[in-house]
Structure formats: structure tokens, C-alpha cells
Amino acid sequence: MSAERSSGPLDGLLVLDLSRILAGPTATQLLGDLGARVIKVERPGRGDDTRGWGPPFLRDADGRETTESAYYLSANRNKQSLAVDLASAGGQEIIRQLAARADVLVENFKVGDLARRGLGYDDLKAANPGLIYCSISGFGQTGPYAHRPGYDFLIQGMGGIMSLTGRPDEEGGEPTKAGVGIADVMCGMYASNAILAALHHRTLTGEGQYIDIALFDTQVAWLINQGVGYLTDGQVPPRRGNAHPTIVPYNAYPASDGSFILAVGNDDQFARFCDVAGAAQLATDPRFARNSDRVRRRSELEPLIRDLTRTRPAAEWLAALEEAGVPCGPINDLAGVFADPQTQARGMRIALPHETAQGGAVDLIGNPVKLSRTPVTYRHAPPRRGADGVEVLRGVLGLNDKEIAALIDEGVLDPGDDA
């Protein structure tokens, strides 16, 4: 894997990625997409834990499962893999030397682990005052829970989002986590945002800094309107299934052959929906004319709307509502998402060459950011464990073949499966 220039907005920046699982790798993948060179540091012989989180696994040219899981592939493109033993003095010295040359370091070890190895922020900033050092943890570097490990499911529960997700109590529902690791993903996005802010500060002042970001904190932050609603009136919001807490009608509704989404955002849209539904009288009914009235009387209005929507097929509703300018949409499974012409038009499904993949390429989800002057780039498929270690040590640190061979012999460097 080469380290050619990317032409992206972060071209020329070196990111040392000591993170694993999802939050940290999400952050560093975003930086890589924006042009940074990302060196992913992994454990010898094992690599990132998510490499084994499957099936599904990538299949090779003979149709056999490889050691690359879809989970791992989802968050590790545009990176180089360096597998070194951080428990060894030699491995720690390699990280010190790389950190001395890096612009950004991202890690998600247990609180204090890297400092005990002489790899904490205070240890590394002496040699590199401009280093931006981002620590991602479950609960942050301070507070009574700082020592606890953090997992997405646990954070969704503790951070409140599960209490808002799922069918209502009266329908026999229970708290439900989101179907993807959204607490991890959002933490990674907050982390990348903080790193970009710190880079701008360094441009102005020359100063690096330490970033402490926690899954728990970011989960609380993205409670957004529901969280501030509670802080405003002190009322704990219930689970509402697909319904919106402050907009009606805004829900999944039954058609004669399935369900579809109706998302009425204002009174004019409600009036247009009523016209399409052949129930114009509802829009002028004083009980339902304004959104605030509809929210207060949702228990009266929702059954009326469901009776209307059951009378036609979903496709018929979607066509008529689209023409009338009423927000609506289908409920796609993932096959529908990736077959959708909008997904294809926006470049949200990509393929990157991969030396062991069946067909020679791996399919991935694209980056949603569209920059007019410095677009994101897709330079490398997610790397195999240790595949770039020799290149990194030779090209970045200037080690010669004899020195690299000694590190391999000592067990400090894992050169990867193909060495």
C-alpha cells in the first residue's frame, strides 16, 4: 500500500491511530477520507478485535472466508496497518518515534494504560509540542465511572437513548437499542470534529492539545430536543415507537399492502395531505388545524389517519403525496437502500481494489461529505493486519532492512499474513 499524496483537504497530515473497534476507527477513517495519512497500529497476530466479528467475512478468489470481517471493513479504509507489540520496549519506542512525527494521535485504551507505558500525552508532547492527542473512552478521563469499560449497547442504555426507542409500554414494547452502533459512530464523529478544531487552533498558535472525549458524554449530547425537552418541563418522555414527540402526523402508517412514512412538518402540509386523502374537513377541524392541537390530540387524530391510509397501496400514496409536496417515503430494507437510484447517484456505494477479495474488489459505504474544491478520496481498501509495517518503518522512520528484520525476529513487529 503506497503513501501517495491524496490532494484532499487534510493532505500532508499524519495520523497515528492506536484505536480499535468502532468509535476511534470511525474518526480516523473520516480523517483518512479527507486526505490524511493514517497509520493504524494493531496487535501482532490478532489485530483489531473487529477483524473477527463475523460472519459475514470477506471471501477470497476461491470463495473461502478470509479473516477480514464486514464489521472491520466498515471503518478502516484509507489506512495503513502496522502491527507492533506495545507491551515491548521496542514497540513502545516505535510509537514514540512515530508520535514525534505525527500531527494527530487517536487512542481508546483503558484510562491510564498508555501513560503507564510512557505513551501518554504528557510523555509525547515534550518531543512534539504540536501533537493533537485524542483519547476516546467509555466515560472520560475523570468522574466516578472513568475506570469502567464502555460498550455501545451499555452506553445506549445508560445514556438514555434506549428509553426513547421502541414500542410504547401500552403496546407491550420495551426499551430497544438502535440497530447499529450509533453511540460509537457519533462519538467518532464528535472526535473527528474536535480534532479538526484543534488543528485549526494549531494553525493559529502552533500549539497542540489534549482531547478527552467519552461515549457517555456524546450520547447525552445527542439526546438533543428530547433531552432539552426534559430539562424544560421536567417530564420524562415516553417511548412512542415511530411517532414524533412534537409533530403529528409524523409516523409509519399502514397502507393496504404494507406501511409507509408520512412526515408532515407544518400546517400547510397537513392540509395538502388531507386533500390527497379526501378528508379536507380534518384540516379545518379546530381540534386538528394547528400542529400544537394535533400533538395534544394525537390519540384522537392518529386512528383517523390510519383508517384513511389503509384504503390504498403504499405506492399509490407515495406517488400522490410526492406530487402534492407532502413529505413521505418507503421503509426500505438494506437491499432497497443500495438499489435506490438516489444512493447510486450520490456515490454512497463504492468499490475499492482488494488483493484477496473475490472479484478483486470490496464493496463499501461511501463518505457523505461532498466538498467542491477538495473532495474526499478513496485511496486504499481496509488493510490486512500488518500489511504496511515494513513500508511505514522504512519510509517514515528511516529504518533499514537489517533493523526491520531484527524487530521481526524479536517479535516486536508482525509483518502480516503474507510475509
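We now turn to the structure provided with this report. Keep in mind it's a predicted model, so treat the numbers as computed, not measured.

Side note on the overall build of the chain
Moving on, step 1. Summing up its helical and strand segments, the chain has 18 helices and 14 strands in all.
Moving on, step 2. Each principal axis of the C-alpha distribution contributes one length, and for the chain these read about 85 × 50 × 45 Å.
Moving on, step 3. Burial analysis of the chain (419 residues in total) assigns 46% to the buried set.
Moving on, step 4. Sequence-distant contacts in the chain: of pairs separated by 6 or more residues, those separated by 24 or more amount to 68%.
Moving on, step 5. In the chain, which carries 42 positive and 53 negative side-chain charges, the distance between the mean positions of the two groups comes to 2 Å.

Concerning unusual backbone geometry
Moving on, step 1. The linkage connecting P55 with the following residue, P56, adopts the cis geometry, with an omega of 10 degrees.
Moving on, step 2. Looking at where P56 falls in the secondary structure, it is placed in the loop between strand 2 (37–42) and strand 3 (57–59).
Moving on, step 3. Cis geometry is adopted by the peptide bond preceding P249, which originates at V248 and carries an omega value of 0 degrees.
Moving on, step 4. At I21, a position not held by glycine, the phi torsion is positive, near 70 degrees.
Moving on, step 5. Tracing the chain through its elements places I21 in the loop between strand 1 (14–18) and helix 1 (23–33).
Moving on, step 6. With a phi angle near 55 degrees, N78 is a residue other than glycine that sits in the positive phi range.
Moving on, step 7. Following the sequence through the fold, N78 ends up in the loop between helix 2 (70–73) and strand 5 (79–84).

Some details on the state of the cysteines
Moving on, step 1. The final tally for this structure, using the stated rule, is zero disulfides.
Moving on, step 2. Of all cysteine sulfurs in the structure, the one in C187 sits closest to C134, which takes part in no disulfide; the separation is 7.8 Å.
Moving on, step 3. Between C328, a free cysteine, and C274, which holds the nearest cysteine sulfur, the sulfur-to-sulfur gap is 14 Å.

Thoughts on a nonpolar patch on the surface
Moving on, step 1. There is a patch of nonpolar side chains on the surface, built from Y145, Y151, L154 and M158 and spanning about 390 Å² of accessible area.
Moving on, step 2. Examined against the element boundaries, M158 turns out to sit in helix 6 (residues 152–158).

Observations regarding the sheet that holds strand 11 (residues 328–329)
Moving on, step 1. One open sheet accounts for three strands, arranged 9-10-11; its pairing is antiparallel. Because the sheet does not close on itself, it has two edges, and the strands there are strand 9 (250–255) and strand 11.
Moving on, step 2. Note that strand 10 (residues 258–263) and strand 11 share two bridges and pair antiparallel. Pairing of I261 across the sheet is with G329, part of strand 11.
Moving on, step 3. Sheet strands in contact with helix 14 (residues 314–324) are strand 9, strand 10 and strand 11, and its direction is about 20 degrees off that of strand 10.

Remarks on the sheet that holds strand 8 (residues 209–214)
Moving on, step 1. Pairing is mixed in the open sheet, where seven strands are placed in the order 8-7-6-1-2-5-14. Looking at strand neighbours, the two that pair on one side only are strand 8 and strand 14 (413–414), the edges of this open sheet.
Moving on, step 2. Strand direction decides the pairing type here: strand 1 and strand 2, joined by four bridges, are parallel. Note on strand 2: the bridge partner recorded for V15 is V38.
Moving on, step 3. The sheet strands contacting helix 1 are strand 1, strand 2, strand 5, strand 6 (104–107) and strand 7 (132–137), and the helix crosses strand 1 at an angle near 165 degrees.

Digging into the environment of G329
Moving on, step 1. Inspection of the secondary structure puts G329 in strand 11.
Moving on, step 2. For G329, a relative accessible area of 12% gives the class buried.
Moving on, step 3. For the pair G329 and S292, spaced 37 residues apart in sequence, the C-alpha separation works out to 24 Å.
Moving on, step 4. Not counting residues up to four positions away in its chain, the partners in contact with G329 are F260, I261 and L318.

Here we look at the packing of helix 10 (residues 267–276) against helix 14
Moving on, step 1. Interhelical geometry of helix 10 versus helix 14 gives an angle of 135 degrees and a closest axis separation of 10 Å. Classified by the interaxial angle, the pair formed by helix 10 and helix 14 is oblique. Handedness of the helix 10/helix 14 crossing: right-handed. Facing helix 10, whose interface residues are R272, F273 and V276, helix 14 presents W317, A320, L321 and A324.

Here we look at the pattern of salt bridges
Any two side chains of opposite charge can pair, so long as their charged atoms come close to each other.
Moving on, step 1. Inspection of the entire model under this criterion finds 26 salt bridges.
Moving on, step 2. Of the charged contacts in the structure, one is a salt bridge between K125 and D122, with a shortest N-O distance of 3.7 Å. Of this pair, K125 and D122 both sit in helix 5 (residues 121–125), three residues apart, roughly one helical turn.
Moving on, step 3. A relative accessible area of 35% places K125 in the partly exposed class.
Moving on, step 4. Across the pair D285 and R287 runs a salt bridge, and its minimum N-O distance is 2.8 Å.
Moving on, step 5. Since its relative accessible area comes to 17%, D285 is described here as buried.
Moving on, step 6. When its relative accessible area of 34% is taken as the criterion, R287 is described as partly exposed.
Moving on, step 7. Each member of the salt-bridge network shares a partner with another, and the members are E42, R51 and E68.

Thresholds applied
Residues numbered from 1 in each chain as written. Predicted model: local features only at pLDDT ≥ 70, side-chain atom pairs only at ≥ 80, totals over all residues. Heavy atoms only, no water. Helix = DSSP H or I, 4+ residues; strand = E, 2+ residues; numbered from the N terminus. Buried < 20%, exposed > 50% of the residue type's maximum accessible area, 1.4 Å probe, protein only. Contact = heavy atoms within 4.5 Å. Lys, Arg positive; Asp, Glu negative; His and termini not counted. Charge placed at Lys NZ, Arg CZ, Asp CG, Glu CD. Disulfide = S-S within 2.5 Å. Patch = residues over 30% accessible without salt bridge, like charges linked within 9 Å, V, L, I, M, F, W, Y side chains within 5 Å. Areas by Shrake-Rupley, 256 points an atom, 1.4 Å probe, with all protein chains shown as cover. Salt bridge = Lys/Arg side-chain N within 4 Å of Asp/Glu carboxyl O. Pairing = 2+ DSSP bridges. Axes fitted to C-alpha atoms, helices over the stretch in contact; angles between N-to-C directions. Parallel < 35°, antiparallel > 145°, perpendicular 65-115°, else oblique. Left-handed = near helix turned anticlockwise from the far one by under 90°.

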